[in-house]
Amino acid sequence: MSKGGLEDVIVAESAICSIDGAAGTLRYCGYSIDDLVAHGSFPECAWLLWHGQLPNAQELNGLRATLRARRDLSEGMNFLVHGLAERAAPMDALRTAVSAMGIDDETTDGNAPADLDLSQDRAIRMMAQMPVLVATYSRLREGKPVVPPDPDLDEAANFLWMMRGEVPSNAEAKAFDACLVMHAEHGFNASTFAARVVASTLTDIYSAVSSAIASLKGPLHGGANTRVMEMLLEIGSEDRVTQWVDDALARKERIMGFGHRVYKTTDPRARILEQLSEQCAELAGNRLWFELSRRVQAEVNARKPLVTNVDFFSASTYYAMGLSPEIYTPIFALARVAGWTAHVLEQYRNNRLMRPRAAWVGPEPRSWVPVEAR
Ligand SMILES: CC(C)(COP(=O)(O)OP(=O)(O)OC[C@H]1O[C@@H](n2cnc3c(N)ncnc32)[C@H](O)[C@@H]1OP(=O)(O)O)[C@@H](O)C(=O)NCCC(=O)NCCS
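Note that the coordinates shown come from a computational prediction; the quantities given were computed from them, not determined experimentally. (Residues numbered from 1 in each chain as written. Predicted model: local features only at pLDDT ≥ 70, side-chain atom pairs only at ≥ 80, totals over all residues. Heavy atoms only, no water.)

S.K.: Break down the site of the ligand for me, with residues and values.
M.R.: Taken together, 17 residues form the shell around the ligand, and within it Arg 254, Ile 255, Gly 257, Phe 258 and Arg 261 come nearest. Separating an oxygen atom of the ligand from a side-chain N or O atom of Asn 309 is a distance of 2.9 Å. Burial of the ligand by the surrounding chains reaches 65%, relative to a free accessible area of 860 Å². Structurally, the ligand is housed in the largest pocket. Classifying every residue of the shell around the ligand gives 7 nonpolar, 5 polar and 5 charged. (Near = heavy atom within 4 Å. Polar contact = N/O pair within 3.5 Å; in protein donor to acceptor, adjacent residues only side chain to side chain. Areas by Shrake-Rupley, 256 points an atom, 1.4 Å probe, with all protein chains shown as cover. 1 Å grid on protein atoms, 1.4 Å probe; cavity = no way out; pocket = protein on both sides within 12 Å on 5 of 7 lines; lining within 4 Å. Sits in = over half its atoms within 2 Å of the grid points. Nonpolar A, V, L, I, M, F, W, Y, C, P; charged D, E, K, R; others polar.)

Structural data, given as structure tokens:
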């Protein structure tokens, strides 16, 4: 019998991502996350995850051009985002919009997943348009004019441009690109597993990604980054940290951004994000949220040996970039779509329906009792 939560259960073979929880290392297709952040870009990593190899210059330029060319939303999708911005919460809006992309897709054929080229094409479309959906939704929510995508900018810079209406500095665009790289993939986490289970029925890739977004929304998964920022804003100043942490732990609350099922020593992404958070604080000329994060980390670790996870320092990093906290989990999704779709394609390539079983802990067989005799 497993420990619950499928902990340590091997459910499939995969060549996409390897994690050593004890050593605190993460690799995409063999390349360390440190190398990918230092030398790679988000489109380059997406290609790596999809194809198992780094792209050559021609392949990379081709993908970058395709992503830039495929950002425009159809009239129908635009109309939908306007409606969603009026009434839907961010992750509900994104889940609904990605599901609607399946209807909006002119090539839609409910039973086409076996066509790997078509599914790959749809993966590129989602990667190109999810940032546009999120930025358009966010601008409308804030009552600001929508900023159209800029075909001269790569994914990271274009997203910041569309969110803020000003072209980011190279340093900011590079920092945000590093965030996308670090969020692009992470093995059999809950949302990726959800996508693979759904894909194993041979349904289409939009359906699989919609279910992944539904899973990511939860506070124990991607929803944590928004809550980290809410926590920092609630604490507000360094002198309140000790009391806040004591009170939260006394109430047996989970502190968002801490703990991990696999990493038991260090989450390498958190280590890199801590540096990025400081760098972005310097760029913004405000170290408050970075320093506050560090203080919370120290106070929590003085009481509990919990790793700081990817969500913790991404909150202060995004805040320093002027991004609204409610949009942090959608940002996670628009990066992770690279990994989700890589896993869906891997599942399609070697599919067998996922259909596990449960250990029976219910009553012994019993006889039917008519309603009047109960
Ligand atoms: C990520 C997470 C769900 C992993 O959970 P898990 O592997 O199931 O770990 P468990 O729930 O078994 O927790 C083990 C112990 O650590 C404690 N713990 C784990 N995360 C904690 C947190 N964030 N704050 C306080 N205590 C925590 C648990 O209370 C438990 O303590 P106990 O044994 O005294 O009861 C969990 O750490 C968590 O809820 N973190 C906060 C949410 C978050 O940041 N999610 C993003 C993940 S990338």
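S.K.: How would you sum up the domain arrangement of the protein chain? Please name residues and give values.
M.R.: Split by domain assignment, the protein chain resolves into domain 1 (25-217 + 326-349) and domain 2 (224-320). A separation of 26 Å is found between the C-alpha centroids of domain 1 and domain 2. With 20 residues of domain 1 at the contact, the number on the domain 2 side is 21 residues. Interface area, domain 1 with domain 2, both sides summed: about 1,700 Å², of which 66% is carbon and sulfur. If you sort the residues of domain 1 by the area they bury against domain 2, Met 182, His 186 and Tyr 328 come out on top, with a joint share of 36%. In this assembly, domain 1 and domain 2 are joined by 1 salt bridge. Residue Asp 34 is joined to Arg 271 by a salt bridge in which the shortest nitrogen-to-oxygen separation is 3.0 Å. Between the two partners, domain 1 and domain 2, sit 6 residue pairs in polar contact (both at pLDDT 80 or more). Elements with a contribution of two residues or more to the side of domain 1 that touches domain 2: β2 (25-28), α1 (33-39), α8 (170-183) and α16 (328-349). No other element matches the 8 residues that α8 contributes to the side of domain 1 that touches domain 2. Partitioning the side of domain 1 that touches domain 2 into residue classes produces 12 nonpolar, 4 polar and 4 charged. (Domains from an automatic or database assignment. Contact = heavy atoms within 4.5 Å. Buried area = accessible area lost by both parts, 1.4 Å probe. Salt bridge = Lys/Arg side-chain N within 4 Å of Asp/Glu carboxyl O. Helix = DSSP H or I, 4+ residues; strand = E, 2+ residues; numbered from the N terminus.)

S.K.: Any details on the packing of aromatic side chains? Residues and values, ideally.
M.R.: Summed over all chains, the structure comprises 8 aromatic pairs. Between the aromatic rings of Phe 159 and Phe 176, the centroid separation amounts to 5.4 Å while the plane-to-plane angle is 10 degrees, which identifies the pairing as stacked. One end of the pair, Phe 159, is in helix α7 (residues 155-164); the other, Phe 176, is in helix α8, with 17 residues separating them in the sequence. When its relative accessible area of 1% is taken as the criterion, Phe 159 is described as buried. Summarising the aromatic geometry, the rings of Phe 188 and Phe 193 are spaced 6.2 Å apart at their centres and angled 45 degrees between planes, so their arrangement reads as tilted. Accessibility expressed as a relative area gives 30% for Phe 188, which makes it partly exposed. Note on Phe 193: relative accessible area 22%, which makes it partly exposed. (Phe/Tyr/Trp six-rings, centres within 6.5 Å; stacked < 30°, edge-to-face > 60°. Buried < 20%, exposed > 50% of the residue type's maximum accessible area, 1.4 Å probe, protein only.)

S.K.: Describe in detail the pattern of salt bridges, supporting the description with residues and values.
M.R.: Where charged atoms from two side chains of opposite charge come close, those side chains can pair. With the rule as written, the count across this model stands at 24 salt bridges. Residue Asp 105 is joined to Arg 122 by a salt bridge in which the shortest nitrogen-to-oxygen separation is 3.2 Å. Here Arg 122 lies in helix α6 (residues 116-141) and Asp 105 lies in the loop between α5 (90-104) and α6, a separation of 17 residues in the sequence. The same class applies to Asp 105 as to Arg 122, namely buried. Linked by salt bridges that have partners in common, Glu 238, Asp 246, Arg 295, Glu 299 and Arg 303 make up one network.

S.K.: Please give an account of the layout of surface pockets that cites residues and values.
M.R.: Empty space within the largest pocket amounts to approximately 1,800 Å³. In terms of lining residues, the largest pocket is bounded by 46 residues, among which Phe 188, Asn 189, His 260, Arg 261 and Val 262 are the most central. For the lining of the largest pocket, the secondary-structure elements that each account for two or more residues are β1 (17-20), α9 (190-199), α15 (310-320) and α16. Broken down by element, the lining of the largest pocket gets its largest block of residues, 3 residues, from α16. In terms of residue class, the lining of the largest pocket is made up of 24 nonpolar, 11 polar and 11 charged. (Points joined across faces, edges and corners; volume = space filled by probe spheres on them.)

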